[in-house]
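One letter stands for each residue in the lines below.
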Protein chains: 2
Amino acid sequence: MDKKPVIAPKGRQQPRVKIEDVARKANVSPATVSRVLNHPDIVRPELRDRVMRHINDLAYTRDSAARALKSGRMRTVGVIVPTLALGIFAEGVEALQNRLSESGYTLFIANSQYDQRREFQELQSLIERGIDGIVLVGASHGRELRSLIEQAGVPVITTYVAKAGGGIPAIGIDNESATREMTEYLLRLGHVRFGAIANVVAASNDRSRARLEGIQRALSDAGLPLKPTQIVKADYSLAQGRSALRQLLTDHPDTTAVICTTDTLAIGAMAEARKMGLAVPATLSITGFDDVELAAQMDPPLTTVSVPAAEIGRGAADYLINAIAGSPVPRSVVLPYRLVMRSSSAPPRPSVRPARRGRSRDH
Amino acid sequence: MDKKPVIAPKGRQQPRVKIEDVARKANVSPATVSRVLNHPDIVRPELRDRVMRHINDLAYTRDSAARALKSGRMRTVGVIVPTLALGIFAEGVEALQNRLSESGYTLFIANSQYDQRREFQELQSLIERGIDGIVLVGASHGRELRSLIEQAGVPVITTYVAKAGGGIPAIGIDNESATREMTEYLLRLGHVRFGAIANVVAASNDRSRARLEGIQRALSDAGLPLKPTQIVKADYSLAQGRSALRQLLTDHPDTTAVICTTDTLAIGAMAEARKMGLAVPATLSITGFDDVELAAQMDPPLTTVSVPAAEIGRGAADYLINAIAGSPVPRSVVLPYRLVMRSSSAPPRPSVRPARRGRSRDH
DNA sequence: TTGTAAGCGTTATCAG
DNA sequence: CTGATAACGCTTACAA
């Protein structure tokens, strides 16, 4: 009896079963075995069954490297997300993988940490791997990357945005329009002193940039353009949501509505508001973006924009599967977002103004 | 002279640059080009540089299928997680991918939705893809799956647990010991009426099962064994944390400490406690597990167990890289967890009991 | 140090 | 309907 050493044995295990082994056992040629697997309908049923039995007996599976070499197709798709730490991307990737898996594709994953150089490198590595399709996130991609894609001649789709430059097809939502609507909703409630917290620190985060533009545009159109100090830039952490709110209220203590470009920031802002003793929404309305699971469970529940991440993932999978097969595909797919009005937003308190203020009358 | 057949490989655009093209341009043999790429040190520098120039000129990259076929190595690793929706897994996958990428490996990802059958199928598909290593999650894997792994002869490691059955190496924490410590801490604070909320609904969630056992064992050892109604089973959603707390307090209104097997459940429980008007921690102590980003930002901040997810991901990558290379590898790696005492836990209020009691003297 | 040539396992073509 | 055979693009003995 051999005692298991702490050290893994270096030796290669028993050689893989190959098509020839099956052929020999079944007394047919390798070609026939191949046909049984790839075109069962052109093999005499009786023979087909016999071969199949041997295939199962030997637990034979085709070598994917050899298949890929022969056919030029890997049946593999790659995705590069900025990070998996954001639930919204994780959800999209999960849906993408599930749909691809149903169609016999396998998914390579990589992350760029919001760094365009890293994105390029990871993509290069994936292309060298011979992937048949590429899923990216966002609209901002260097022209270097676009020419890499072009040269590789691999179908690509970018996600979470409604359109992208360089002729790259996209599937996602119109981020700018979503925040514009959200802002208009707050305007209708009667707000006039706004603040925005936007995670536009990462150069490549065009989603948040578009969202910020939506806010700015709506407010400009309403004759209430945001001053630079009314916009606090942050990364995507909860803690930055807190400090951003604090800074915003230091500069503009009379703000009544804060629009955040992600739920994470909004949740941080709500936490800070609570700590500062500000009632949400009585004193301050706060809104987010993404509709993460927690949003609905906050106290008060967070008003936000729901992003159909799973649908984006599935749509990207379908797009690529069709494109790879040479089937016709749409140029772009704009998915609907959904404004979810919850209790973190309300009309501003009428009595907020400077001077001494009497007791609030509304409750 | 064999001209290229009229029927080009379906769908391929301009034929790929191959090693022979580079060789011709550089006036060397294909073997030399190959050596420049794979063993640069054994090629005369001058020649090497010339070849390199042509490689760059033509933007040549090796066909990975052909390489894999020849070498029997795909330089590819696969991971199967229950879901990416849990930040803890997303974080681990991200770290895993980053480390693998540094070593020239690419990561296939799949998810099982906590379903052992799906896990088996996904693994089968990955193995057919010729992956060189496998990362799994948790200790519970059917013997069918284990024999599949054995037969494939591919290195494997399972994560987030300290040990697994079937001789599978593991990297992770001792979940049972962690909750035992947490429970003992609450006992030391003076709690005697406990409740547990555990996401043990998914049959394959052995992490939470182990955590629950840790709680039970500590309480049994303290002579305070949990009754079945003191244990509420849930899935891993925030909403279930809410309803679980409500149910627990319906059955045992005098509970002073609730131990949850995940932060998500704990956060749900805290939300519900607030809604019910129960002060945390004054009336009720609540603890979680995972130390997600939000835990520290809660009000009050959540006492929890910090799980080194990134370290687990990196460790799994290193393990596989070594195992694939035939280097010695440890049988298992137990990583330290960290109890993070925050303000959601405190001694029970002395005045909860029936009969009158003197004022507490300790403060 | 560089070139030649033999496969790696599969599948498509063509002949039987 | 089935069998022999020639690639697919690359790496690595082995030869020069």
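Computed from a predicted model, the values in this text were never measured in an experiment. All residue numbers refer to positions counted from 1 along the written sequence of the respective chain. Chain letters and ligand numbers both follow the written order, the letters beginning at A and the numbers at 1. Note on the predicted model: pLDDT of at least 70 is required for a residue's local features to be given, and 80 or more for side-chain atom pairs to be given and counted; whole-chain, interface and lining totals, by contrast, use all residues. The side-chain quantities take in all heavy atoms of the structure and omit both hydrogens and water.

1. Brief notes about the interface of chain B and chain A
Now for step 1: Contact definition: two residues touch when any of their heavy atoms are within 4.5 Å. In this assembly, 59 residues from chain B lie in contact with 59 residues from chain A.
Now for step 2: Of the roughly 4,800 Å² buried at the junction of chain B and chain A (both faces included), carbon and sulfur atoms supply 48%.
Now for step 3: The quantity reported as buried area is the accessible area (1.4 Å probe) lost by two parts once they are put together, taken as the sum for both. Per-residue buried area on chain B facing chain A is highest for E94(B), R129(B) and Q297(B); these three make up 12% of the total on that side.
Now for step 4: Take a side-chain nitrogen of Lys or Arg and a carboxyl oxygen of Asp or Glu: if they are within 4 Å of each other, that pair is a salt bridge. The interface formed by chain B and chain A contains two salt bridges.
Now for step 5: Distance and chemistry together define a polar contact, namely a pair of N or O atoms within 3.5 Å, with one atom able to donate a hydrogen and the other to accept it when in protein, and with adjacent residues in sequence counting only for side-chain atoms on both sides. Inspection of the chain B/chain A interface yields 32 residue pairs in polar contact (both at pLDDT 80 or more).
Now for step 6: Secondary structure elements with two or more residues in the side of chain B that touches chain A: α4 (64–71), α5 (87–102), β2 (106–111), α6 (116–128), α7 (143–152), α10 (238–251) and α11 (263–275) of chain B.
Now for step 7: Each residue gets one label: Ala, Val, Leu, Ile, Met, Phe, Trp, Tyr, Cys and Pro are nonpolar, Asp, Glu, Lys and Arg are charged, and the others, such as Gly, are polar. Within the side of chain B that touches chain A, the residues separate by chemical class into 24 nonpolar, 20 polar and 15 charged.
Now for step 8: Strand direction decides the pairing type here: strand β2 (residues 106–111) of chain A and β2(B), joined by three bridges, are antiparallel. Paired with I109(A) across the two strands is L107(B), which belongs to β2(B). Helix and strand assignments come from DSSP, with helices taken as H or I runs of at least 4 residues and strands as E runs of at least 2, each series counted from the N terminus. Any two strands with at least two DSSP-identified bridges between them are counted as paired.

2. Observations concerning the UniProt feature "domain: HTH lacI-type" (unreviewed entry) in chain A
Now for step 1: UniProt positions are given in the numbering used here, feature names are shortened, and annotations may be inferred rather than shown by experiment. Here the UniProt feature "domain: HTH lacI-type" (unreviewed entry) sits at residues 17–71 of chain A.
Now for step 2: As annotated, residues 17–71 of chain A comprises 71% helix and 0% strand, and the C-alpha atoms at either end are separated by 21 Å.

3. Focus on the protein's contact with DNA strand C
Now for step 1: Of all residues adjacent to DNA strand C, which total 23 residues, the nearest are K18(A), I19(A), Y60(A), T32(B) and R35(B).
Now for step 2: In DNA strand C, atoms within 4 Å of the protein come 62% from sugar and phosphate.
Now for step 3: The side chain of S34(A) places a nitrogen or oxygen atom 2.9 Å from a phosphate oxygen of DNA strand C.
Now for step 4: Here a base nitrogen of DNA strand C and a side-chain polar atom of R35(B) are 2.6 Å apart. For this purpose, a residue is taken to be near a molecule or strand whenever a single non-hydrogen atom of the residue falls within 4 Å of it.

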